[in-house]
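Results of the structural survey
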Amino acid sequence: MNRDNSLIPSEAVRLAALGSLWQGPKRYADLATEVRHFTGRIVGPSLELLGPSLEVLRLEGLIDAEPGSGQGASALMALTEAGRQELQRLMTASLRGPLGEINKLFVALKMRFIDALTPEERRLQADLLAEICEQELARLNDLRAHHAGEPGHLLDWLDHDIAQTESRLAWFRALRERL
C-alpha cells in the first residue's frame, strides 16, 4: 500500500482472492482461475498485476485449506480471521490518481465485495469513489479549457470522456443513497 493508504496494483490480486473466499470456500485451482479470469476481463493481461501468488496468502495466514479437504490444487481454501482483517483493510483503502485501468479493476472489486463492509463503510466507499470522479472531472475540464479552440478531435474526445465521468459520478451518488 502507498504511504497515503491507497492501493497499489499488486494488491488487486490479493483483494480478488480474499473477496472471493469471503463469498465462500473454493478449491485452490478454482480460486486461481477465478482471480485470473476476473482481473483479465477488466484490465486484460497486465504485468502490473503480477503480485503475490495465492501460496503467499497462505503463508501469510490469510487463507488456509479446510481440514480434510485435500492438498495442492484440490484443497478447499477458506478465509482466515487474519484474511478477513486484510480484506477489510483493502476494501476501505483509497485509490490514487486518475481512473485508469488498474483503478477500474479496484472499483470493480470494491463493487463486487462491498457487502463485506458495514453499511457506514459502504457509504464511505461510495463517497470516496464519487470524490475520485469529481477530481477526474476537474482534471478533464482543465485539460479541455487549455486546448479550447485547437483543431482536431481532442475536444470531442474530451467531451465524451467528461460525459462518461459525469455519468459515473451520478451513479456513485445514487449508489450512496441506496446504501
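Values in this document were obtained by computation on a predicted structure and should not be read as measured data.

Let us now look at the overall build of the protein chain. Across its full length, the protein chain carries seven helices and three strands. Overall, the protein chain shows an N-to-C arrangement of helices and strands of α-β-α-α-β-β-α-α-α-α. For the C-alpha atoms alone, the extent of the protein chain along its principal axes is close to 70 × 35 × 25 Å. Classification of the 179 residues of the protein chain by burial places 41% in the buried group. Across the protein chain, contacts joining residues at least 24 apart in sequence account for 66% of those joining residues at least 6 apart. Of the accessible surface of the protein chain, which amounts to about 9,600 Å², a share of 53% is contributed by carbon and sulfur atoms.

Time to look at helix 2 (residues 28-43). An ideal rise of 1.5 Å per residue puts 22 Å on 16 residues; helix 2 measures up with 23 Å between its terminal C-alpha atoms. Lining the buried residues of helix 2 we find helix 1 (11-23), strand 1 (26-27), helix 3 (54-59), strand 3 (76-79) and helix 5 (101-112). Trailing helix 2 by a residue or two, Gly-44 shows a phi angle of about 75 degrees, which is positive.

Before going further, it helps to spend a moment on the sheet that holds strand 3. Judged by pairing direction, the sheet is antiparallel, and its three strands sit side by side in the order 1-3-2 without closing on themselves. Strands with a single pairing partner mark the edges of an open sheet, and in this sheet they are strand 1 and strand 2 (63-65). Both strand 2 and strand 3 contribute to a ladder of three bridges, which runs antiparallel. Bridge pairing links Asp-64 to Ala-78 in strand 3. Contacts between helix 1 and the sheet are confined to strand 1, strand 2 and strand 3, with strand 3 contributing the most and set at about 95 degrees to the helix.

Here we take up the pairing of strand 3. Pairing geometry for strand 1 and strand 3, over two bridges, is antiparallel. Looking at the pairing, Arg-27 lines up with Leu-76 of strand 3.

This part takes up the packing of aromatic side chains. Taken as a whole, this structure holds one aromatic pair when the rule is applied. Plain terms: the ring middles of Trp-171 and Phe-172 are 5.3 Å apart, the flat faces sit at 80 degrees to each other, and that makes the pair edge-to-face. The cationic tip of Arg-178 hangs over the ring face of Trp-171; the distance from NZ or CZ to the ring centre is 5.6 Å.

With that out of the way, let us pick up the packing of helix 1 against helix 2. Two elements in contact, helix 1 and helix 2, have axes separated by 10 Å at closest approach and are oriented at 125 degrees. The angle between helix 1 and helix 2 places the two elements in the oblique class. The interaxial crossing formed by helix 1 with helix 2 has right-handed handedness. Two secondary-structure elements touch here, helix 1 through Val-13, Ala-16, Ala-17, Ser-20, Leu-21 and Gln-23 and helix 2 through Leu-31, Glu-34, Val-35 and Thr-39. When the residues that make up the contact of helix 1 with helix 2 are grouped by side-chain class, the tally is six nonpolar, three polar and one charged.

Once that is clear, we can look at the pattern of salt bridges. In this structure the tally under the stated criterion is 13 salt bridges. Here Arg-58 and Asp-64 are joined by a salt bridge, their closest N and O atoms 4.0 Å apart. Between Glu-86 and Arg-89 there is a salt bridge, with the nearest N and O atoms lying 2.6 Å from each other. Taken together, the positions of Glu-86 and Arg-89, both in helix 4 (residues 81-92) and three residues apart, correspond to about one turn of that helix.

Between its first and last C-alpha atoms helix 5 spans 16 Å; for twelve residues at 1.5 Å apiece the expected length is 16 Å, and the two agree. Turning to helix 5, its buried residues are Ile-102, Asn-103, Leu-105, Phe-106, Val-107, Ala-108, Leu-109 and Lys-110. In the core, the buried residues of helix 5 are packed alongside helix 1, helix 2, helix 4, helix 6 (119-146) and helix 7 (154-178).

About the criteria used
- Residues numbered from 1 in each chain as written.
- Predicted model: local features only at pLDDT ≥ 70, side-chain atom pairs only at ≥ 80, totals over all residues.
- Heavy atoms only, no water.
- Helix = DSSP H or I, 4+ residues; strand = E, 2+ residues; numbered from the N terminus.
- Buried < 20%, exposed > 50% of the residue type's maximum accessible area, 1.4 Å probe, protein only.
- Contact = heavy atoms within 4.5 Å.
- Areas by Shrake-Rupley, 256 points an atom, 1.4 Å probe, with all protein chains shown as cover.
- Expected span 1.5 Å × (residues − 1).
- Pairing = 2+ DSSP bridges.
- Axes fitted to C-alpha atoms, helices over the stretch in contact; angles between N-to-C directions.
- Phe/Tyr/Trp six-rings, centres within 6.5 Å; stacked < 30°, edge-to-face > 60°.
- Lys NZ or Arg CZ within 6 Å of the ring centre and 35° of its normal.
- Parallel < 35°, antiparallel > 145°, perpendicular 65-115°, else oblique.
- Left-handed = near helix turned anticlockwise from the far one by under 90°.
- Nonpolar A, V, L, I, M, F, W, Y, C, P; charged D, E, K, R; others polar.
- Salt bridge = Lys/Arg side-chain N within 4 Å of Asp/Glu carboxyl O.

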